[in-house]
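Below are the chains, spelled out letter by letter.
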Amino acid sequence: MLRVMRIIALEEHFTTLPIREANEDHPLESMYRLLAQAGLWKSPPGAVVPVGIDDIGAGRIAAMDEAGIDVQVLSQTTPGVEMLEAGPAVRLAKEANDAIAGAVEAHPARFRGFAHLPVQDPAEAARELERAVTQLGFVGAMLNGHVRGEYLDDQKYWPIFAKAEELGVPVYLHPTRPPQAVVDAQYAGFSPAVTEMLAAPAFGWHVDAGLHALRLILAGLFDRHPGLQMILGHQGETLPFMIDRASERLASVVRLSTSIKEAFASHFSITFAGFFTYPPFVAAYHCLGADRILFSVDYPYSRNADGVAYLDRLPISADDREKIAHRNAERLLGIAPA
């Protein structure tokens, strides 16, 4: 297909070496090493895996150009600082945001940034979000799931959401590995590689992220902060398929200003983020409509070319394709049209 429309990609990851070193013992880092050792991630000996995760310069832009992607919103991958002690987390999150800001400054037409936040210190996280948006020009924040086993429906974390609402920027809720007790109960019993893959990107962290979003709705976050907007990746982390059932069954036991389904449809947008098959898109499209679906690749864990080819072949109108490719992102993130 002749490329004529602008494409903005929202869930495109990088990492800093200090954050990677701080998470050396994190199970996800162990999984990445297992994948590389098994040859499932092709990379030169000693390279940072996945290849491209540490590049927010010329190499990344060349990969974008090859696929026809105009803009990437950069974000610190998981694991980030969410499992660290508060002191190092504050310092390393600021360093990651400064690295993103440097890439945006060097390539202002190609990159934007989502803030990485030290969520275990909610007051400091809110201050860092304000710095990132008002001083660095970031377009929102990305939070990597639970914080040392605590979910963000606990009201001690809500100053972060209040600040996002005040600043008029969305919060992208990205998955992370479920708490260890959940992994032990539901995903153990296989080889380490199978357990980690099953608990994380193959299945577990998508279910966990969908449940996390549902917990935020049930806790009344959006009654308290009606202007807050959030984003879920991976075709909505199972919720487009499950939201009618959840809304119907919970209606008799929870009291909110709107139904759970209405809260989801009013406060969440979703991205593709590495889910390039048709069935989950059907659920998302019928649940939310084209105005709340945005393009994403999940680079470098997925290939840019695969994401663009998926967008091109979706059986939708040209107008809906333009919304998903760039117009929804421009509106939600405040990115000026090209």
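All values derive from a computational prediction rather than experimental measurement.

Q: Break down the overall build of the protein chain for me, with residues and values.
A: Within the protein chain one finds 15 helices and 8 strands. Whereas a compact globule of 338 residues would reach a radius of gyration of roughly 20 Å, the protein chain reaches 19 Å, a difference of no more than 12%. Seen along its three principal axes, the alpha-carbon backbone of the protein chain occupies a region of about 55 × 45 × 45 Å. Across the 338 residues of the protein chain, 56% fall into the buried class. Taking the intrachain contacts of the protein chain between residues at least 6 apart in sequence as the baseline, contacts between residues at least 24 apart amount to 78%. When the accessible surface of the protein chain is split by element, carbon and sulfur atoms take 56% of a total near 13,900 Å².

Q: How would you sum up helix 6 (residues 158-167)? Please name residues and give values.
A: Within the span of helix 6, buried status applies to Trp158, Ile160, Phe161, Lys163 and Ala164. Residues of helix 6 that are buried make contact with helix 5 (122-134), strand 4 (141-144), strand 5 (171-174), helix 9 (204-218), helix 10 (221-224) and strand 6 (230-232). Count one or two residues on from helix 6 and you reach Gly168, which has phi positive near 75°.

Q: Requested: an account of the packing of aromatic side chains, with residues and values cited.
A: Applying the stated criterion across every chain yields a total of 9 aromatic pairs. When the centroid spacing of 4.9 Å and the interplanar angle of 80° are considered together, the rings of Phe272 and Tyr310 count as edge-to-face. One end of the pair, Phe272, is in the loop between strand 7 (268-271) and helix 13 (278-288); the other, Tyr310, is in helix 14 (residues 304-313), and 38 residues separate them in sequence. Relative accessible area serves as the criterion here: at 0%, Phe272 is assigned to the buried category. Between the aromatic rings of Phe276 and Tyr310, the centroid separation amounts to 5.6 Å while the plane-to-plane angle is 40°, which identifies the pairing as tilted. With a gap of 34 residues between them, Phe276 in the loop between strand 7 and helix 13 and Tyr310 in helix 14 connect regions that are remote in the sequence. On the basis of relative accessibility, which here comes to 14%, the residue Phe276 falls in the buried class. Taken together, Phe272, Phe276, Tyr278, Phe281, Tyr285, Phe295 and Tyr310 form an aromatic cluster joined through their ring pairs.

Q: Summarise the sheet that holds strand 3 (residues 111-113); cite the residues concerned and give the values.
A: Ordered by their spatial adjacency, 3 strands build an open sheet running 1-2-3, and the pairing between neighbours is parallel. With partners counted over all chains shown, the strands left at the sheet margins are strand 1 (8-14) and strand 3, one partner each. Each adjacent strand pair in this sheet contributes to an overall mean axis angle of 35°, direction not counted. Looking at chain direction, strand 2 (residues 71-76) and strand 3 are connected through 3 bridges and run parallel. If you follow Gln72 over to strand 3, its bridge partner there is Phe111. Together, strand 1, strand 2 and strand 3 form the strand contacts of helix 3 (residues 58-67), whose direction differs from that of strand 2 by roughly 135°.

Q: Tell me about empty space enclosed by the protein, and name the residues and values.
A: Per the counting criterion, the structure on display carries 1 cavity of 30 Å³ or more. Counted as a void, the largest cavity has a volume near 40 Å³. As for the largest cavity, its lining consists of Glu82, His116, Leu117, Val119, Met142, Leu143, Asn144, Gly145, Val147 and Leu152. Within the lining of the largest cavity, the residues separate by chemical class into 6 nonpolar, 3 polar and 1 charged.

Q: Please provide a residue-by-residue account of the layout of surface pockets, values included.
A: Taken as a whole, the largest pocket holds about 520 Å³ of empty space. If you go around the largest pocket, you meet 28 residues; those closest to its centre are His206, Val207, Asp208, Glu237 and Thr238. Those elements that place two or more of their residues in the lining of the largest pocket are helix 7 (180-186), helix 9, helix 11 (239-250) and helix 13. Top contributing element to the lining of the largest pocket by residue count: helix 9, with 8 residues. Looking at the lining of the largest pocket residue by residue, the class counts come to 18 nonpolar, 7 polar and 3 charged.

Q: Describe the UniProt feature "domain: Amidohydrolase-related" (unreviewed entry) in the protein chain, and please don't skip the residues or the numbers.
A: UniProt records the feature "domain: Amidohydrolase-related" (unreviewed entry) for residues 58-335 in the present numbering. A helix fraction of 52% and a strand fraction of 9% characterise residues 58-335, whose end C-alpha atoms lie 22 Å from each other.

Q: Before we move on, can you summarise the packing of helix 14 against helix 15 (residues 318-333) with the specific residues and values?
A: Relative orientation of the contacting elements helix 14 and helix 15 amounts to 155°, with a least axis distance of 10 Å. The angle between helix 14 and helix 15 places the two elements in the roughly antiparallel class. Residues Leu311, Asp312 and Arg313 of helix 14 form the contact with helix 15, whose own contacting residues are Arg321, Ile324 and Ala325.

Q: Talk me through the nonpolar core; I want residue IDs and the actual numbers.
A: Leu117, Leu152, Phe161, Met230, Phe264, Phe272 and Phe295 are the most contacted members of the largest nonpolar core, which has 77 residues in total. Considering each element in turn, this core owes the most residues, 8 residues, to helix 4 (residues 86-106). Setting aside residues up to four positions removed in sequence, Leu117 forms contacts with Val81, Ala93, Ala125, Glu128, Leu129, Ala141, Leu143 and Ile160. Ile8, Ile231, Ala273 and Leu333 belong to the second-largest nonpolar core, a separate cluster that totals 15 residues.

Q: Report on unusual backbone geometry, specifying residues and quantitative values.
A: For the bond from Thr78 to Pro79, the omega torsion is 0°, close enough to zero to count as cis. Along the chain, Tyr299 connects to Pro300 via a cis peptide bond; the corresponding omega equals 0°. For Pro300, the position within the fold is in the loop between strand 8 (293-294) and helix 14. Of note in the backbone geometry, Gln235 takes a positive phi value of approximately 60° without being a glycine. Among the structural elements, Gln235 can be located in the loop between strand 6 and helix 11. According to the relative accessible area criterion, Gln235 is buried, its value standing at 3%. Of note in the backbone geometry, Asp298 takes a positive phi value of approximately 75° without being a glycine. Position of Asp298 relative to the elements: it lies in the loop between strand 8 and helix 14. The exposure class of Asp298 is buried, given its relative accessible area of 10%.

Parameters and conventions
Residues numbered from 1 in each chain as written. Predicted model: local features only at pLDDT ≥ 70, side-chain atom pairs only at ≥ 80, totals over all residues. Heavy atoms only, no water. Helix = DSSP H or I, 4+ residues; strand = E, 2+ residues; numbered from the N terminus. Rg over C-alpha atoms; globule rule 2.2 N^0.38 Å. Buried < 20%, exposed > 50% of the residue type's maximum accessible area, 1.4 Å probe, protein only. Contact = heavy atoms within 4.5 Å. Areas by Shrake-Rupley, 256 points an atom, 1.4 Å probe, with all protein chains shown as cover. Phe/Tyr/Trp six-rings, centres within 6.5 Å; stacked < 30°, edge-to-face > 60°. Pairing = 2+ DSSP bridges. Axes fitted to C-alpha atoms, helices over the stretch in contact; angles between N-to-C directions. 1 Å grid on protein atoms, 1.4 Å probe; cavity = no way out; pocket = protein on both sides within 12 Å on 5 of 7 lines; lining within 4 Å. Points joined across faces, edges and corners; volume = space filled by probe spheres on them. Nonpolar A, V, L, I, M, F, W, Y, C, P; charged D, E, K, R; others polar. UniProt positions renumbered as here; feature names shortened; annotations may be inferred. Parallel < 35°, antiparallel > 145°, perpendicular 65-115°, else oblique. Core = buried A, V, L, I, M, F, W, Y, C linked by side-chain atoms within 4.5 Å.

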